[in-house]
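Here are the chains, one letter per residue:
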Amino acid sequence: MRRPRGELGPRPPRPTEGAICAGPGEPWSPSPNSMLRVLLSAQASSTRLSGLLLLPPVQPYCLGPNKWGDRPPGGAPHAGPVQGLQRLLEQARSPGELLRWLGQNPTKVRAHHYPVALRRLGQLLGSQPRPPPVEQATLQDLSQLIIRNCPSFDIHTIHVCLHLAVFSGFPSDGPLVCALEQEQRFRLPPKPPPPLQPVLRGGLRLEAALSCPRFQRHPQHHLIRSLAEARPEELTPHVMVLLAQHLARHRLREPQLLEAIAHFLVAQEAQLNSKVVQKLVLPFGRLNYLPLEEQFMPCLERILAREAGVAPLATVNILMSLCQLRCLPFRALHFVFSPGFISHISGTPHAPIVRRYLSLLDTAVELELPGYRGPRLPRRQQVPIFPQPLITDRARCKYSHKDIVAEGLRQLLGEEKYRQDLTVPPGYCTDFLLCVSSSGAVLPVRTQDPFLPYPPRSCPYTIRDPAQRVVLMLRERWHFCRDGRVLLGSRALRERHLGLMGYQLLPLPFEELESQRGLSQLKSYLRQKLQALGLRWGPEGG
């Protein structure tokens, strides 16, 4: 007897791509260890990788019988019951219901129904952060049902089932994946002879995985962290660049992976040019991480000495990363500040960005390297470093606390006693700036010069303005590495340089800002912060 379809509930929302769930015999966990084992397996074939990574996810609307070669004689499409079974599988509310529809309708089940069932299984197990426990016997029975019928699948159906089985969490060494791989091998032409360098096969798999658009759209951070277990000598420069870019883009401060990149850079020094090195070094500066590898800095100094004249932009990019780490080599600074280098880059398309980077490097020399005696960037070549808020702040302005903090300061101090988004020499944009007298009174900004002299040592101490400049620094969530504890290199550099120029910094961490409920609480919070510095305002403050 056909079961009534009206009792089925609405179709649950689709989970995000990349959701991983447990397979038979394993507790549910988001860890993609099965996927990693397949990628790093030296015995896995390139066809297997293609089936797992390069095939697009199967969409329910494309799983009609005309896609799978299951037409009855004469080429006419299947009758309604077959299509009705597909809808029942798509709307199943539990793994047990999936097994029931497949097991109790043997005359209506076709090959294309099994990928539908596997995809629905992944949705059921991955649609909730903590899905309800599933009887392992149910998953094992479903697995055995697919194993019994997979000899009748065509090669495309096997490819898609293998893809869905692995991404649904079935173990790579379990019976279902092994059976599908065996059927796949039976239908493939003989394998070509093994490559001469089999050690690189795992690296090529990782390269394909990291280059996959699906992976780039939905980065699996657990998988990235587990890649630290791979040996660096198995990886290609392109793979290491992809890893470095992924860490920098997603603010993942993973010491194991960063140390692996540093070790790779040292080990492959002779084979790497500066255009590759700039990409490998990028995450160290951005994530404010100085590696423990002892040869990291000597290696970079040798590469800069060898490649500085070949790729000017790459050279300056490497120095920018080292500037964030406070590890600028004097010899490289001598080269990039030389008249010949500056004249060479002046007529190139990337001259504006190089000039801005050289201006920042000159600021670092002025503030952080008092022992440097080499050439400097001529004053006529200097440009503002960051004349406006950074791109990330502009992109996330609707999530920022800047507007509510500005309103709190306006009600607390008055509009005339602070400046917002003021760029101070040599080109750092401040969030909020206050001018404070020697007695601690907050002064109207219009009556004071808000800028401190730059460079600081150019102004004799005896004639310096006694008024202090206090800068309120918003530390938003995206100003930190993903762990939320370490400031990104660019943010740490800005705060460090503002402090060295004589500005008094008052950080406003996102944890504290997020804990304030409403403007009234925020004003109390700002009042406590300012009073802790000894600041006074209002009638009693002058």
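Everything here concerns the structure above.
Residues numbered from 1 in each chain as written. Predicted model: local features only at pLDDT ≥ 70, side-chain atom pairs only at ≥ 80, totals over all residues. Heavy atoms only, no water.

(A) Representation of the pattern of salt bridges in the model. For the coordinates displayed, the defined rule picks out 13 salt bridges. Where Arg477 meets Glu514, a salt bridge forms, and the shortest distance between an N and an O atom there is 2.7 Å. Residue Arg477 is located in the loop between strand E6 (468–475) and helix H22 (489–500), and its partner Glu514 is located in helix H23 (residues 510–514); the two are separated by 37 residues in the primary sequence. Classification of Arg477 as partly exposed rests on a relative accessible area of 45%. Since its relative accessible area comes to 34%, Glu514 is described here as partly exposed. One network of salt bridges, with partners in common, ties together Lys402, Asp421, Asp431 and Arg494. (Salt bridge = Lys/Arg side-chain N within 4 Å of Asp/Glu carboxyl O. Helix = DSSP H or I, 4+ residues; strand = E, 2+ residues; numbered from the N terminus. Buried < 20%, exposed > 50% of the residue type's maximum accessible area, 1.4 Å probe, protein only.)

(B) How the structure looks around unusual backbone geometry. Of note, the amide linkage connecting Pro425 to Pro426 takes the cis form, showing an omega dihedral of 5°. Examined against the element boundaries, Pro426 turns out to sit in the loop between strand E2 (423–424) and strand E3 (428–429). Between Tyr454 and the following residue, Pro455, the backbone shows a cis peptide bond with an omega angle of 0°. Note on placement: Pro455 falls in the loop between strand E5 (442–443) and E6. One non-glycine residue, Arg326, adopts positive backbone phi at about 60°. Relative to the helices and strands, Arg326 is located in the loop between helix H16 (312–324) and helix H17 (330–336).

(C) View of the nonpolar core. If you look at the biggest cluster of nonpolar residues, it comprises 70 residues, and the most contacted ones within it are Leu265, Leu328, Phe337 and Leu358. Each of two domains, domain 2 (218–381) and domain 3 (391–533), supplies a minimum of three residues to this core. In this structure, Phe337 is in contact with Ile342, Leu358, Leu361, Asp362, Val365, Tyr372, Pro375, Arg376 and Leu377, ignoring residues within four places of it in sequence. In this structure, Tyr114, Ala117, Ala165 and Val166 belong to the second largest nonpolar core, which totals 34 residues. (Core = buried A, V, L, I, M, F, W, Y, C linked by side-chain atoms within 4.5 Å. Domains from an automatic or database assignment. Contact = heavy atoms within 4.5 Å.)

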